[in-house]
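# A look at the structure
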Amino acid sequence: MTSHAVPAGAHADAGHEEFDEHAWTSLGLDHMKLAFWTFLGSDCFFFGSLIGTYMSYRGQSLVGPYPRDVFSVEVTSISTFVLLMSSLTMALAVLFAKTNRRSGTIGMLLATAALGASFVGFQMFEFSHFYHEGLTLQGNLFGSSFYVLTGFHGTHVAIGVLWLLIQTLFYGKRWIRGDEGNAVEVAGLYWHFVDIVWIVIFTFVYLMEYVE
Amino acid sequence: MSTAATHVATHAHVEHEEETGLWSWITTVDHKRIGKLYLISSLLFFALGGLEALMIRMQLFRPENNFISAQFYNEMFTMHATTMVFLAIMPLSAAFFNFLIPLQIGARDVAFPRMNALSFWLFLFGGLFINSSFLFHAAPDGGWFGYANLTGSKYSPGHSIDFWMLGLAILGNSSMMAGFNFITTILNLRAPGMTLFRMPIFTWMSFVVQFLVVMSFPMITVGLILLIFDRNYGTNFYFPPNGGDPLLWQHLFWLFGHPEVYILILPAMGIVSEVLPVFARKPLFGAPFVIFSGIMIGFVGFGVWSHHMFTVGLGPVADSAFATTTMLIAVPTAVKIFNWIFTMWGGKISFKTPNLFAITFVFLFTIGGLSGVMHASPPIDLQQQDSYFIVAHFHYVLVGGALMGLFSGIYFYWPKMFGRMLNERLGQISWALFFIGINVTFFPMHFLGAMGMIRRSWQYPAGAGLDMYNQMATVGAFFIFFAVLVSFINFARGLMGHGELAGDDPWDAATLEWSIPSPPPHYNFAKLPTVHSDRPFWDEKHEGGPAVSQAKIAGPGPHHVAMPPSSYWPILVAVFQGLVFVAFIPGSGSGAFNYDAFLKQVMIQGPIALGMLFCILAWVREDDTPR
């Protein structure tokens, strides 16, 4: 979705400075960015509900395997590190896009997509590993709530990777209408949000198991 | 929508020729046309939901009646409620959001016109999808709040619940997208000088509603996702034998469900706050209090959900907390009622149809509010839960409240929407039938509830003393039927071009939408007004204030007003997105994971999802520069 849907045309009435309706918004913020913040606020409630579900079912499984039986906090820490680093490359991509350093932007977008894809790869490895350890979607409450929560997060990351790849294409071909830096920044907002959600999930789902 | 160049004489309106025909409506991105599409389709769904209510009332006319079967009765009350909440009241409010918000804040369209069209098509497909279940003899029958584990595959085999849960997921998507769109529109597209506190009250209440929508719908989405997983892939979220807790559904549903109550009522409150001052010839009494009360209702509305669950036994601490917040939320609501009363107090009231409906809103909503605050008290609620007393309460709030407010809005804004006045006499007849019908139908239900009649009973025993009140309610329901019929005849006459021309400002109103022609040109404002007060048009007409109307704004008009071009991508994206959900149906309902069925589902959904992705990319590539 492109950002500039502001109906254009007439100037404001006489007695006021002429202003360009394309660029003008009441808050001075870009439409797309503002709308995307409201979406992220909304998505907080989505993940909040999923995490709440996981937490309320924590320790309620009637049969195993239990979290400590399958978790490998070392592997997940590495994948967490990979995802965190992807936020760094994303931030650089936004910086380069805003300062119109095109090859840097493309490089950083691709690097972010690659790091995101390897996070998804880690997760697929983790899921298949857990499955062979006996943790299934249907077997117990832990399996149900774990796979659905982390699966939806992984889906968010995968959508983000797809978005970044398409954006790289659009950016390279100069297909983005309106402010290119802005378009990259909106993708960045999404990416950092998904990253932050993972920090919460990593803390509540994985690290908490090692606190007691 | 017209893309033709338009020209303007000095301060006449810009000439314009809008495209007509079916294709222009399918591809429209004009907020006014989308508003009209919402209006017509939600009124048709409303008629359907009304007929379902009549089936219920005819079944209950006599004790031990066999007019319809118990199964059909379950389907009727489920679909009646689902239709009225999601397919009638909400989209009827959305009709006003779409039509009015850009006009009231002095904008030419919403922030994302194509996404606005997508919201509408998703709503329409979602509604048709849920109702298509009748064709497959699989109409939802689990009640509108679909309590787990009744909705699980064990107790609801077959596809009836699948239609319901997937349909609601589609409708939620539609509402959330509209929410992002309107929040951005209201914050970002206000005309110069239109500060937040100069916005009309309807826009304010809609603003609060959009926040409620985008925050509450994700929670029911999660509830529905867990249900889809339970029914399709055999997870245990609501399956007690494996440790699942049906209460999880209740929490997720009412975390959405109670804000939803305010999503239904706040737009009507906004409309009434527009109508009453116009017909009392006074400004709204204490407008900032009305605004802040609306905001407070929005906040506290998220903290009262467990009052739907007092009988669950959450413990005295939780019950006390939720009793307190529930009583607290009555305060801002009551503040508004006093504001409306003092708005009328000492005014020169004219009892035109819109005002009759608006005053009825205040009167009947107060009754519903009073019975509502009764079951804020857990001990009383334990007696009233699931009885007809509750049915009486929420029908006073939703029919006497929300629906009367929205009908007031239809009669009030129809001239602006279609350029012609509705018939005043038919409107008053409809109002009188409504007023009688609502009270004769729903007031006796208080007594039925107090006498112990259980909600959703298919039959009641003879000799239990319930006959007379039930018969009254059924007779009253037919009054409502005729009230709706008379109004529909009125609307149909209006659509066919009957009625006198309305002119720009038939009611001598105060806000910007009345300062432009009726119906407005597709660009709304040839020259954007600069706003200096919260009643800009009134000030221009009666107080010698600065000019806001097109004819009076100094300077030449534009030669051409560029507007975003129409697009067929929104409806295509909606079709593909709808099909992704539909493709869940064949493999659903087994309550166990079946690898072959899952593979088949993915094989169907994959290409559809690719098709959707293609459409989204085409959408992004499409040149939507206003022209």
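The structure presented is a predicted model; accordingly, all values stated were derived computationally and were not measured.

What chain B contains, in helices and strands, is 17 helices and zero strands. Relative to its length of 627 residues, chain B is compact, with a C-alpha radius of gyration of 25 Å against a globular reference of 25 Å. For chain B, the spread of C-alpha atoms along the three principal axes comes to 75 × 60 × 45 Å. Taken over 627 residues, chain B has a buried fraction of 63%. When contacts within chain B are restricted to residue pairs at least 6 apart in sequence, those whose partners lie at least 24 apart make up 84%. For chain B, the accessible surface area stands at approximately 21,600 Å², while carbon and sulfur atoms represent 71% of it. Charge centroids of chain B, computed over 29 positive and 33 negative side chains, lie 6 Å from each other.

For the structure on display, the rule yields 15 salt bridges over all chains. Across the salt bridge formed by Glu 180 of chain A and Arg 102 of chain A, the nearest N and O atoms sit 2.9 Å from each other. Linking Glu 180 of chain A in helix α6 (residues 180-206) with Arg 102 of chain A in helix α4 (residues 102-132), this pair joins segments that are 78 residues apart in sequence. Between Arg 114 of chain B and Glu 622 of chain B there is a salt bridge; the shortest N-O distance is 2.8 Å. Within this pair, whereas Arg 114 of chain B is found in helix α4 (residues 113-132), its partner Glu 622 of chain B is found in the segment after α17 (595-621), the two being separated by 508 residues in sequence.

Below, the discussion takes up the interface of chain A and chain B. Taken together, the contacts link 53 residues of chain A with 61 residues of chain B. For the pair chain A and chain B, the summed buried area comes to about 4,700 Å², and 68% of that belongs to carbon and sulfur atoms. Applying the counting rule to chain A against chain B returns two salt bridges. Between Asp 624 of chain B and Arg 177 of chain A there is a salt bridge; the shortest N-O distance is 3.9 Å.

Helix length check: α4 of chain B, at 20 residues, gives a terminal C-alpha distance of 29 Å against a target of 28 Å (1.5 Å per residue), a fit within 8%. By the criterion of burial, α4 of chain B is predominantly enclosed, with 18 of the 20 residues buried.

What follows covers the packing of aromatic side chains. Tallied over the entire structure, the rule returns 90 aromatic pairs over all chains. Relative to Phe 193 of chain A, the ring of Phe 47 of chain A has its centre 6.5 Å away and its plane inclined at 50 degrees; by these criteria the two rings are tilted. Within this pair, whereas Phe 47 of chain A is found in helix α1 (residues 31-56), its partner Phe 193 of chain A is found in helix α6, the two being separated by 146 residues in sequence. Where Phe 145 of chain B meets Trp 254 of chain B, the ring centres are 5.3 Å apart and the plane angle is 55 degrees; that geometry is what we call tilted. You can see Phe 145 of chain B sitting in the loop between α4 and α5 (160-188) and its partner Trp 254 of chain B sitting in helix α7 (residues 246-280), a full 109 residues away along the chain. In this structure, Phe 145 of chain B and Trp 254 of chain B share a single accessibility class: buried. Of the aromatic side chains, those joined through ring pairs into one cluster are Tyr 54, Phe 71, Phe 119, Phe 127, Phe 130, Phe 142, Phe 146, Tyr 147, Trp 198, Phe 202 and Tyr 206 of chain A. Over the ring of Tyr 171 of chain A we find Arg 102 of chain A, and its NZ or CZ is 4.3 Å from the ring centre. Geometry around Phe 145 of chain B places Arg 456 of chain B over its ring, the cationic atom sitting 4.5 Å from the centre.

Conventions we followed
- Residues numbered from 1 in each chain as written.
- Chains lettered and ligands numbered in written order.
- Predicted model: local features only at pLDDT ≥ 70, side-chain atom pairs only at ≥ 80, totals over all residues.
- Heavy atoms only, no water.
- Helix = DSSP H or I, 4+ residues; strand = E, 2+ residues; numbered from the N terminus.
- Rg over C-alpha atoms; globule rule 2.2 N^0.38 Å.
- Buried < 20%, exposed > 50% of the residue type's maximum accessible area, 1.4 Å probe, protein only.
- Contact = heavy atoms within 4.5 Å.
- Areas by Shrake-Rupley, 256 points an atom, 1.4 Å probe, with all protein chains shown as cover.
- Lys, Arg positive; Asp, Glu negative; His and termini not counted.
- Charge placed at Lys NZ, Arg CZ, Asp CG, Glu CD.
- Salt bridge = Lys/Arg side-chain N within 4 Å of Asp/Glu carboxyl O.
- Buried area = accessible area lost by both parts, 1.4 Å probe.
- Expected span 1.5 Å × (residues − 1).
- Phe/Tyr/Trp six-rings, centres within 6.5 Å; stacked < 30°, edge-to-face > 60°.
- Lys NZ or Arg CZ within 6 Å of the ring centre and 35° of its normal.

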